[in-house]
There are 2 protein chains.
Amino acid sequence: MRQGRQTWLFKNKPVIIAGAAVGGPHEAKGPLAADFDLLHDDLWLEKDSFEKAQTKMLEEACDIALGKAGLSKQDIRFFLGGDLLNQIISTSFAARTLAVPFLGLYGACSTSMESLALGALIVDSRAGDHVLCGTVSHNAAVEKQYRYPTEYGAQKPPTAQWTVTGAGVALLSADGVGPRVTAATIGRIMDLGVSDPYNMGSAMAPAAVDTITVHSRDLHISLDEYDLIATGDLGRVGHGIAGDLLSRQGIKFASGKFTDCGILIYGPDQPGVMAGGSGCGCSATVAFGHIMHRIRRGELKKVLLVATGALLSPLSYQQQESIPCIAHAVSIEYSH
Amino acid sequence: MRQGRQTWLFKNKPVIIAGAAVGGPHEAKGPLAADFDLLHDDLWLEKDSFEKAQTKMLEEACDIALGKAGLSKQDIRFFLGGDLLNQIISTSFAARTLAVPFLGLYGACSTSMESLALGALIVDSRAGDHVLCGTVSHNAAVEKQYRYPTEYGAQKPPTAQWTVTGAGVALLSADGVGPRVTAATIGRIMDLGVSDPYNMGSAMAPAAVDTITVHSRDLHISLDEYDLIATGDLGRVGHGIAGDLLSRQGIKFASGKFTDCGILIYGPDQPGVMAGGSGCGCSATVAFGHIMHRIRRGELKKVLLVATGALLSPLSYQQQESIPCIAHAVSIEYSH
């Protein structure tokens, strides 16, 4: 494998043979609704807890991806994923349902690209074919754990982001037709001292910028090669900061070529959204749904997905720690 | 890469060029005290929270391993690890200190072998040299989160296990002298319906048995090839059940060839230990300290380390879910 210091360049270019995105009621009212395979109008999904609803969404996304690829659970060699709940419990329960070898990951909202990068490494090195990569979040389950139960109606500042209710998965294979994973850059922790859990976009922006510039340097490529660079879930505030930091390094993008999954997923007038979407399900549903559809339609030939994660916990916040942040980038190409 | 369905057989056999184990006061009184590189007589490690003490132990273990190998942080290409605290916060903070590309993992107490398996895959496939793999737990931090603050003095049944205060890391390299990672078997979730967090050994035993038998079947080898098979932290109760389940399949071991890290780490008369040790730091310190020392001394030539994880959370327990369990196995060989 050729490589840069933090970057894997995949020789065999694993194929995303199928992607799937499942969403909730808020996502159904957003501009990307048509890119979801399944949308629920009820946050409970007929379960008796939001956590169980979260598990069900991930199971549904896995089933949909398998169905699209014409595969069954028995064809899956490994499942890689995680979520925001303590002990990534929703992913573990989904892994129990799948009953396939499981590697649990935790990278907060960067988990989507952490799972895709490691999954691609497994397929590329012939360590296993048919690898399922995915993640999930649920607004009410996650808000309850990190901040307040949504029923309290606690007020939030305009820098806050709305946790996406959604699950996104990608099914990787050594062979087949579809977008190919060509490279992955593994991020390092960036922590510039932001400690406000209502301003995670600002906290994560330097991590996204670091990973994007390292990716370009490791592979000796210009970022202009990409038709689209989409950060994970910086939201409007964080994405603006990331753009400013990049432009100070002389990196500027043509209009529409630098975007953010947290900005794309909701309309500017949707209630409560504030600075944009966040949560594990944000970059996962936008990347494996909307962006994958654009790639398959031929609108985008080469895309860099940069999922960002704020690695805080409620306890680390209470202990007045700042927020360690990370971003992992995966490059995807498709020639029709 | 040659492989079985769940098993990776490493062609280049990554070398564990250094291991390190850091422990606390209870570990210092145990029979493996001499195998720790550093033992603390104070649970606080001069920090103002048990969580920060946990972070410090992992940082110390990383520093010690780097020192043994004569490497600095800048030489490390990737750090893979996780812990039991919500959002694996101690590992993320240690990754911030290391300032190297980081892949966060969660497999409860199976994280030690999950990190070693994935780290070996990275080194074996030439995706990066000098990979640090590790995990940590802290008795007071973990008990507070999963059960009760230790200061309450809550009573436990005899099936309960004592969470190890300790950090263990292994430093992998493509070249060098030392024990070599020859294969890894990735486990699948086993859940036979046990829901008692004071009886996790019983819950995890079927996962250990499944992974051990799959390992043998995938590689077409007899388990007699191993001088030692050590399960992660089943403790006395769980290890007994695992032995029974294996013997029902006709698999029996010579005396002393089948053991458990949770049994080895504490003496039978140490107060509070009950059925044995547990926690992320249990298999990590015993494997990367004690067992690695025995391998280096030539007492063991081929060892299978089978770390087990109980993937419950306090919330999943409250919601009356049973405990999904997993085990990952890594085979280590050394010819002097």
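A quick note: this is a predicted structure, and the numbers were derived from the prediction, not measured.

Looking now at the overall build of chain A. Looking only at helices and strands, one finds ten helices and 15 strands in chain A. Its C-alpha atoms give chain A a radius of gyration of 18 Å, near enough to 20 Å, the size a compact globule of 336 residues would have. Overall, the C-alpha framework of chain A stretches about 50 × 50 × 35 Å when taken along its three principal axes. Sorting the 336 residues of chain A into buried and exposed places 68% on the buried side. Taking contacts inside chain A between residues at least 6 apart in sequence as the whole, the part at least 24 apart equals 78%.

In this section: the layout of surface pockets. Here the largest pocket is characterised by a volume of approximately 430 Å³. In terms of lining residues, the largest pocket is bounded by 20 residues, among which N86(A), Q145(A), N86(B), Q145(B) and P314(B) are the most central. Split by residue class, the lining of the largest pocket holds nine nonpolar, seven polar and four charged.

This part takes up the interface of chain B and chain A. The partner chain A presents 59 residues to the 59 residues of chain B that form the contact. Taken together, chain B and chain A are joined by four salt bridges. When the shortest N-O distance is used, the salt bridge between E321(A) and R96(B) registers 3.8 Å. Where chain B meets chain A, there are 24 residue pairs in polar contact (both at pLDDT 80 or more). Elements represented by at least two residues in the side of chain B that touches chain A include exactly helix 2 (50-69), helix 3 (89-98), strand 6 (102-104), helix 4 (111-124), helix 5 (139-146), helix 10 (314-318) and strand 15 (325-333) of chain B. In terms of residue count, helix 3 of chain B provides more of the side of chain B that touches chain A than any other element does, five residues in total. Among the residues making up the side of chain B that touches chain A, the classes are represented as 30 nonpolar, 18 polar and eleven charged.

Under the defined criterion, the tally for this structure stands at seven cavities of 30 Å³ or more. Its boundaries defined by the atoms lining it, the largest cavity holds a volume of some 110 Å³. L84(A), C109(A), Y146(A), R147(A) and M200(A) are, among the 13 residues lining the largest cavity, the residues nearest its centre. Secondary structure elements with two or more residues in the lining of the largest cavity: helix 5 (139-146) and helix 6 (200-219) of chain A. Within the lining of the largest cavity, the residues separate by chemical class into nine nonpolar, three polar and one charged. One number sums up the size of the second largest cavity: a volume of about 80 Å³. Lining the second largest cavity are L84(B), C109(B), V142(B), Y146(B), R147(B), T163(B), M200(B), S278(B), G279(B), A310(B) and L312(B). When its residues are assigned to classes, the lining of the second largest cavity shows seven nonpolar, three polar and one charged.

A separate point is the side chain of Q145(A). Residue and element names in this part refer to chain A. Residue placement: Q145 occurs in helix 5. Look at Q145 and you get buried, because its relative accessible area is 18%. At 3.0 Å, the side chain of Q145 and the backbone oxygen of L84 are in polar contact.

Turning our attention to the relation of the copies chain B and chain A. For these two chains of identical sequence, chain B goes onto chain A by a turn of 180° and a shift of 0.0 Å along the axis, with RMSD 0.0 Å. Taken together, these values place the two copies in the relation of a two-fold axis. Judged by C-alpha distance, L105(B) is the residue of chain B that lies nearest the rotation axis, at 2.1 Å. In this assembly, 100% of the residues forming the interface of chain B have copies in chain A that are likewise at the interface, indicating an isologous arrangement.

Glancing now at the pattern of salt bridges. All names here are of chain A. Within this structure, the stated rule accounts for 24 salt bridges over all chains. Between K68 and D37 there is a salt bridge whose closest N-O contact spans 2.8 Å. Pair noted here: K68 is in helix 2 (residues 50-69) and D37 is in the loop between helix 1 (25-28) and strand 4 (38-39), with a separation of 31 residues, a long-range link.

A few words now on the environment of V131(B). Residue and element names in this part refer to chain B. Within the secondary structure, V131 is located in strand 7 (residues 131-137). Separated by 96 residues in sequence, V131 and D227 have C-alpha atoms that sit 26 Å apart. Other than its neighbours up to four places away in sequence, V131 contacts F78, L80, G119, I122, V123, A170, L171 and L172.

Here the structure, examined in full by the defined rule, presents twelve aromatic pairs over all chains. On the numbers, 5.6 Å between centres and 25° between planes, the contact of F79(B) with F102(B) is stacked. Highlighted residues: F79(B) in strand 5 (residues 78-83) and F102(B) in strand 6, separated in sequence by 23 residues. Neither F79(B) nor F102(B) differs from the other in exposure class; each is buried. An angle of 20° between the planes, with centres 4.7 Å apart, marks the rings of F253(B) and F258(B) as stacked. The exposure class assigned to F258(B) is buried, which follows from its relative accessible area of 15%. Taken together, the ring pairs in this structure connect W8(A), F10(A) and F78(B) into an aromatic cluster. Sitting over the ring of Y226(A), K302(A) keeps its end group 5.0 Å from the ring centre.

Turning our attention to helix 7 (residues 235-248) of chain B. Residue and element names in this part refer to chain B. Across its 14 residues, helix 7 extends 20 Å between first and last C-alpha, which sits within 8% of the 20 Å expected from 1.5 Å per residue. Three or more residues of helix 7 are buried, namely G235, G238, H239, A242 and L246. Seen along its axis, helix 7 keeps its buried residues to an arc of 100°; they face one direction. Next to the buried residues of helix 7 lie helix 6 (200-219), strand 11 (228-231), strand 12 (258-260) and helix 8 (261-264). Downstream of helix 7 by one or two residues, G250 has phi in the positive range, about 80°.

With that settled, the discussion passes to the confidence of the model for chain A. Chain-level pLDDT for chain A is 96 on average; 99% of the residues reach the 70-or-more range. Taken together, the chains of this predicted complex give a pTM of 0.98 and an interface ipTM of 0.97.

The phi dihedral of K13(A) is positive, around 45°, even though this residue is not glycine. Considering the arrangement of structural elements, one finds K13(A) in the loop between strand 2 (7-9) and strand 3 (15-23). Its identity is not glycine, yet E46(B) carries a phi of approximately 60°, on the positive side. Relative to the elements of secondary structure, E46(B) occurs in the loop between strand 4 (38-39) and helix 2.

This part takes up the pairing of strand 15 (residues 325-333) of chain A. Residues and elements named next belong to chain A. The buried fraction of strand 15 amounts to eight of the nine residues, a majority that puts the element mostly inside the structure. As paired elements, strand 10 (residues 180-185) and strand 15 share five bridges and run antiparallel to each other. When the bridges of strand 15 are listed, V181 appears paired with I332. Two elements, strand 14 (residues 302-310) and strand 15, share nine bridges in a ladder whose sense is antiparallel. Bridging across to strand 15, T308 finds its partner in A327.

The rules we used
- Residues numbered from 1 in each chain as written.
- Chains lettered and ligands numbered in written order.
- Predicted model: local features only at pLDDT ≥ 70, side-chain atom pairs only at ≥ 80, totals over all residues.
- Heavy atoms only, no water.
- Helix = DSSP H or I, 4+ residues; strand = E, 2+ residues; numbered from the N terminus.
- Rg over C-alpha atoms; globule rule 2.2 N^0.38 Å.
- Buried < 20%, exposed > 50% of the residue type's maximum accessible area, 1.4 Å probe, protein only.
- Contact = heavy atoms within 4.5 Å.
- 1 Å grid on protein atoms, 1.4 Å probe; cavity = no way out; pocket = protein on both sides within 12 Å on 5 of 7 lines; lining within 4 Å.
- Points joined across faces, edges and corners; volume = space filled by probe spheres on them.
- Nonpolar A, V, L, I, M, F, W, Y, C, P; charged D, E, K, R; others polar.
- Salt bridge = Lys/Arg side-chain N within 4 Å of Asp/Glu carboxyl O.
- Polar contact = N/O pair within 3.5 Å; in protein donor to acceptor, adjacent residues only side chain to side chain.
- Least-squares fit on C-alpha atoms with pLDDT ≥ 70 in both.
- Phe/Tyr/Trp six-rings, centres within 6.5 Å; stacked < 30°, edge-to-face > 60°.
- Lys NZ or Arg CZ within 6 Å of the ring centre and 35° of its normal.
- Expected span 1.5 Å × (residues − 1).
- Arc of directions from axis to C-beta.
- pLDDT = per-residue confidence, 0-100.
- Pairing = 2+ DSSP bridges.

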